[in-house]
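The residues making up each chain are set out below.
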Amino acid sequence: QVWLVESVGGLVQAGGSLRLSCAASGRTFSRYSMGWFRQAPCKDREFVAAITWSGVNTLYADSVKCRFTISRDNAKNTVYLQMNSLKPDDTAVYYCAADVYASSLSFAIGEYDYWGQGTQVTVSS
């Protein structure tokens, strides 16, 4: 079992930055991959970024590449999502997720086994 708790999101102006964090407990954090997803109103949940257990390998959606950075601190059981150059289209509820059986990074929602409760990020124009 893994429990995930995201930090509070927030309201930011377009072009601004925000960092989300997700604290994990339960299974040994350093043994599984982590991902971030988001869901905008009336849209399906979509992949944002993922990171391997070691932090060496990452994967990004094209829409956030070069603007968002995923990282992790295994000593703190925490994964981060640094979001820069935010756009109104980035407005969504953001979820962190754990893929405890991963053999490679995945963007597929179904591959992730545990989810946080989500946190709202709103980008104003």
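Here the structure is shown first, and the text comes after it.
These notes cover the structure that comes with them. (Residues numbered from 1 in each chain as written. Predicted model: local features only at pLDDT ≥ 70, side-chain atom pairs only at ≥ 80, totals over all residues. Heavy atoms only, no water.)

Focus: the nonpolar core
The tendency in soluble globular proteins is for nonpolar side chains to be buried side by side. Counting 37 residues, the largest nonpolar core has L4, M34, W36, L81, M83 and Y94 as its most contacted members. For this core, the secondary structure elements donating two or more residues are β1 (2-6), β3 (18-26), β4 (33-39), β5 (46-51), β7 (68-73), β8 (78-83), β9 (92-99) and β11 (119-124). Sequence-distant contacts of L81, that is, excluding residues within four places in its chain, are made with L18, R19, L20, W36, V48, A49, F68, T69, I70 and Y94. (Core = buried A, V, L, I, M, F, W, Y, C linked by side-chain atoms within 4.5 Å. Buried < 20%, exposed > 50% of the residue type's maximum accessible area, 1.4 Å probe, protein only. Helix = DSSP H or I, 4+ residues; strand = E, 2+ residues; numbered from the N terminus. Contact = heavy atoms within 4.5 Å.)

Remarks on the state of the cysteines
Summed over the entire model, instances satisfying the criterion amount to 1 disulfide. Each sulfur in the disulfide pair C22 and C96 lies 2.0 Å from the other. One disulfide, between C22 and C96, carries an S-S torsion of 50° and so falls in the right-handed class. Taken together, the residues span a long stretch of sequence, with C22 in strand β3 and C96 in strand β9 at a distance of 74 residues. On the basis of relative accessibility, which here comes to 0%, the residue C96 falls in the buried class. (Disulfide = S-S within 2.5 Å.)

As for the environment of N77
Secondary-structure assignment places N77 in the loop between β7 and β8. Taking relative accessible area as the criterion, N77 reaches 31% and is therefore assigned partly exposed. Those residues in contact with N77 that sit more than four places away from it in its chain are C22, A23, A24 and F29.

What about the packing of aromatic side chains?
Taken as a whole, this structure holds 7 aromatic pairs when the rule is applied. Residues F29 and Y32 carry aromatic rings whose centres are separated by 5.7 Å and whose planes lie at 85° to one another, so their mutual orientation is edge-to-face. Like Y32, F29 is buried. Ring geometry for Y95 against W115: centres 6.5 Å apart, planes inclined by 80°, an arrangement best described as edge-to-face. Here W115 lies in strand β10 (residues 114-115) and Y95 lies in strand β9, a separation of 20 residues in the sequence. Since its relative accessible area comes to 13%, Y95 is described here as buried. Each member of the aromatic cluster is reached from another via a ring pair, and the members are F37, F47, Y95, F107, Y112 and W115. (Phe/Tyr/Trp six-rings, centres within 6.5 Å; stacked < 30°, edge-to-face > 60°.)

Observations concerning the side chain of R67
Within the secondary structure layout, R67 lies in the loop between β6 (58-60) and β7. Taking the relative accessible area as the measure of exposure, R67 reaches 11% and is therefore buried. Engagement of the side chain of R67 in a polar contact is seen with the backbone oxygen of S85, the distance being 3.0 Å. Those residues in contact with R67, other than ones at most four positions away along the chain, are Q82, M83, N84, S85, L86, K87 and D90. (Polar contact = N/O pair within 3.5 Å; in protein donor to acceptor, adjacent residues only side chain to side chain.)

Concerning the sheet that holds β3
Pairing within the open sheet is antiparallel, and its 4 strands lie in the order β1-β3-β8-β7. Every other strand in the sheet has two partners, leaving β1 and β7 as the edge strands with one partner each. For this sheet, the mean inter-axis angle between neighbouring strands, taken without regard to orientation, is 20°. Pairing between β3 and β8: 6 bridges, direction antiparallel. For C22, the partnering residue across the bridge sits in β8 and is V79. (Pairing = 2+ DSSP bridges. Axes fitted to C-alpha atoms, helices over the stretch in contact; angles between N-to-C directions.)

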